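What the coordinates show
For reference, the chains in residue letters:
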Amino acid sequence: MREPLAALGTSVFAEMTALAQRTGAINLGQGFPDTDGPEVLLRVAAEAMRSGHNQYPPLNGVAPLREAIAEQRLADYGTGYDPDAEVVVTAGATEGVTAAICALAGPGDEVLYFDPGYDSYPPAIALAGATPRTVPLRPVDGRFTFDPADLAAAIGPRTRVIVVNTPHNPTGTVFTRAELDHIAWACLRHGLVAITDEVYEHLTYDGVAHVPLASRPGMSERTLVVSSAGKAFNATGWKVGWVCGPEHLVRAVRTVKQYLTFASGTPFQHAVAAALRERDDWLATLTARLTTARDLMVDALTGSGWRCYACEGTYFLQADAVELGYPDGTELCLDLAYRGGVVAIPSAALHADPRDGAELVRIAFCKAPEVVETAAQRLVSFTTVPRLRGKGARPCPEPRTHLPRSA
């Protein structure tokens, strides 16, 4: 008998956010900004509410948003979608990924994803009754990547779906064209369908370009693209996402999605449609600010003896303090909260095997500039104060020493 999903426990993000609230620490664990999005987004949302757009939207999503999504994908990447048949709006990207997995995989099937990975993938695979298989991402020359041989070895006769997250959470990697072509070749050779989680598509740095897998040769007809407004427009609480792809695959997602939320966020959908059409100036400003925040955090950490890995996109840095005497990222995160006044995420919680990435922590830099600067100063101070060992090192009651794998 399958184990109930409730047995997975509380997510690491909920655990660490609660720890931040309990200790008063700056929360660099959960990936959400603390400033509002563009003025057009807020204004159109208010206008939509006052204009009576407060009831159920269509199952597919409101037409203006579906049209704006199709226009954006075509303009940015050259991939065309019919807004009436090949786009469906979801309650955030998490619902989009979950509905896609449940639509395409079932008992006896295997679903691949890159490890470490976002915490909702394993439960979504479990919900479908399928079996997860992972492809490891490892640092090479300071950047996380995968070995094509590992990808080939992970694919078996029961593999049906591969989940590809780029820009990648938590490693900060943006898959190159060459890496994507290895994935595309595997999909074409083995008849796999790809589900691409592209929620950070607009948040790349230093001239690194996001390339959708669907734009690679042969992949448009076998890829479901998932994205959302939350990260691009500082509106993570709105939960407006979408799925694009071939009509028959989108139809399958829509069939599942109707029994999850049916539809949601009508005024927010109208607002996101307007923001997508006026995105360029906002996104340029946002990525410039995030680049500055990333660089400030990297300089503070590396100057204090931490090791940071390349962050080409997303909100997150992967870092370790092994040279400072912290080979255990969970212990580091607990000490950081209680002694350093900063909360991070132990990366082990995002690995299929918690022993992988045990030394790493994920640090978010998506907060307001003054918050990032204060957090950076606290991290520097934390590394200059001798470690407290033994009883009394942390206030009582003691926090959990083994954080759960997120749900």
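Residues numbered from 1 in each chain as written. Predicted model: local features only at pLDDT ≥ 70, side-chain atom pairs only at ≥ 80, totals over all residues. Heavy atoms only, no water.

Overview of the overall build of the chain
Within the chain one finds 12 helices and 15 strands. A globule of 407 residues ought to have a C-alpha radius of gyration of about 22 Å, and the chain, at 21 Å, matches this closely. Over its C-alpha atoms, taken along the principal directions, the chain stretches across nearly 60 × 55 × 40 Å. Burial status across the chain gives 57% buried among its 407 residues. Counting contacts in the chain only where the partners sit at least 6 residues apart, residues at least 24 apart contribute 78% of the total. Working note: accessible area of the chain is about 16,300 Å², and carbon and sulfur atoms make up 53% of it. (Helix = DSSP H or I, 4+ residues; strand = E, 2+ residues; numbered from the N terminus. Rg over C-alpha atoms; globule rule 2.2 N^0.38 Å. Buried < 20%, exposed > 50% of the residue type's maximum accessible area, 1.4 Å probe, protein only. Contact = heavy atoms within 4.5 Å. Areas by Shrake-Rupley, 256 points an atom, 1.4 Å probe, with all protein chains shown as cover.)

Topic: the sheet that holds strand β15 (residues 360-364)
Taking strand neighbours across the sheet as the criterion, the four strands line up as β11-β12-β15-β14 in an open arrangement whose pairing is antiparallel. In this open sheet, the two strands that pair with only one neighbour each are β11 (307-308) and β14 (345-346). As paired elements, β14 and β15 share two bridges and run antiparallel to each other. What sits directly across from Pro-346, in β15, is Val-361. Here helix α10 (residues 279-302) sits on the sheet and contacts β11, β12 (316-320) and β15; the angle it forms with β12, its principal contact strand, is near 5 degrees. (Pairing = 2+ DSSP bridges. Axes fitted to C-alpha atoms, helices over the stretch in contact; angles between N-to-C directions.)

Digging into the pattern of salt bridges
For the structure on display, the rule yields 19 salt bridges. Asp-206 is paired through a salt bridge with Arg-294; the nearest N and O atoms lie 2.8 Å apart. Of this pair, Asp-206 sits in the loop between β8 (193-197) and β9 (223-228) while Arg-294 sits in helix α10, placing them 88 residues apart in sequence. A salt bridge links Asp-295 to Arg-294; its shortest N-O distance comes to 2.9 Å. Connected through shared salt-bridge partners, Glu-39, Arg-43 and Glu-47 make up one network. (Salt bridge = Lys/Arg side-chain N within 4 Å of Asp/Glu carboxyl O.)

Points about the environment of Pro-327
Here Pro-327 is to be found in the loop between β12 and α11 (329-340). Between the C-alpha atoms of Pro-327 and Thr-383, which are 56 residues apart in sequence, the distance is 14 Å. Beyond its immediate chain neighbours, meaning those up to four positions away, Pro-327 contacts Val-322, Ala-358 and Glu-359.

Description of the pairing of β8
The element β8 is extensively covered by neighbouring structure, given that five of its five residues are classed as buried. Every second residue of β8 is oriented toward a common face, with Val-193, Ile-195 and Asp-197 on one face and Ala-194 and Thr-196 on the other, all of them buried. For the handedness criterion, the β-α-β arrangement of strand β7 (residues 159-165), helix α7 (residues 177-190) and β8 is classed as right-handed. Sheet analysis places β8 next to β9, joined by four bridges and oriented parallel. Directly across from Thr-196, in β9, lies its bridge partner Val-225. (Right-handed = clockwise from strand over helix to strand, strands pointing away.)

Quick word on the domain arrangement of the chain
What the domain assignment lists for the chain is domain 1 (3-36 + 280-383) and domain 2 (39-278). Look at where the C-alpha atoms of domain 1 and domain 2 centre, and you get two points 24 Å apart. Of the residues lining the interface, 34 residues belong to domain 1; the matching set on domain 2 comes to 37 residues. Carbon and sulfur atoms make up 60% of the area that domain 1 and domain 2 hide from each other, which totals about 3,000 Å². By the criterion of area lost to domain 2, the three top residues of domain 1 are Glu-312, Thr-314 and Leu-350, representing 22% of everything that side buries. (Domains from an automatic or database assignment. Buried area = accessible area lost by both parts, 1.4 Å probe.)

As for the packing of aromatic side chains
All told, the structure shown has 13 aromatic pairs when counted by the stated rule. Both rings, one in Tyr-56 and one in Phe-262, keep their centres 6.2 Å apart while their planes meet at 80 degrees; by these two values the pair is edge-to-face. Of this pair, Tyr-56 sits in the loop between α2 (39-50) and α3 (63-77) while Phe-262 sits in the loop between α8 (247-257) and α9 (266-277), and the two are 206 residues apart along the sequence. Overall, Tyr-56 belongs to the exposed group, its relative accessible area being 72%. The partly exposed category is assigned to Phe-262, whose relative accessible area is 34%. Here Tyr-200 and Phe-316 contribute two aromatic rings whose centre-to-centre distance is 5.9 Å and whose plane-to-plane angle is 75 degrees, an arrangement assigned as edge-to-face. Here Tyr-200 is found in the loop between β8 and β9, whereas its partner Phe-316 is found in strand β12, with 116 residues between them in sequence. Side by side, Tyr-200 and Phe-316 carry an identical accessibility label, which is buried. (Phe/Tyr/Trp six-rings, centres within 6.5 Å; stacked < 30°, edge-to-face > 60°.)

Examining the side chain of His-210
Here His-210 lies in the loop between β8 and β9. Ignoring anything within four residues of it in the chain, the contact list for His-210 reads Tyr-77, Thr-166, Pro-167, Val-174, Glu-198, Glu-201 and Thr-204.

Side note on the packing of α10 against helix α12 (residues 369-384)
Contact geometry for α10 and α12: axes closest at 9 Å, N-to-C directions at 10 degrees. Here α10 lies roughly parallel to α12, going by the angle between them. Residues Arg-289, Ala-293, Leu-296, Met-297, Ala-300 and Leu-301 of α10 pack against Pro-369, Val-372, Glu-373, Ala-375, Ala-376, Leu-379 and Val-380 of α12. Its residues assigned to classes, the contact of α10 with α12 comprises 11 nonpolar, no polar and two charged. (Parallel < 35°, antiparallel > 145°, perpendicular 65-115°, else oblique. Nonpolar A, V, L, I, M, F, W, Y, C, P; charged D, E, K, R; others polar.)

Observations regarding the UniProt feature "domain: Aminotransferase class I/classII large" (unreviewed entry) in the chain
Within this numbering scheme, the UniProt entry marks residues 25-379 as carrying the feature "domain: Aminotransferase class I/classII large" (unreviewed entry). Here residues 25-379 is 39% helix and 17% strand, with 11 Å between the C-alpha atoms at its ends. (UniProt positions renumbered as here; feature names shortened; annotations may be inferred.)

Some thoughts on the pairing of β15
Buried residues dominate β15, accounting for five of its five residues. Alternating positions in β15 separate into two faces, Leu-360, Arg-362 and Ala-364 on one and Val-361 and Ile-363 on the other, with burial throughout. Looking at chain direction, β12 and β15 are connected through five bridges and run antiparallel. Following the sheet pairing, Ala-319 is matched in β15 by Val-361.

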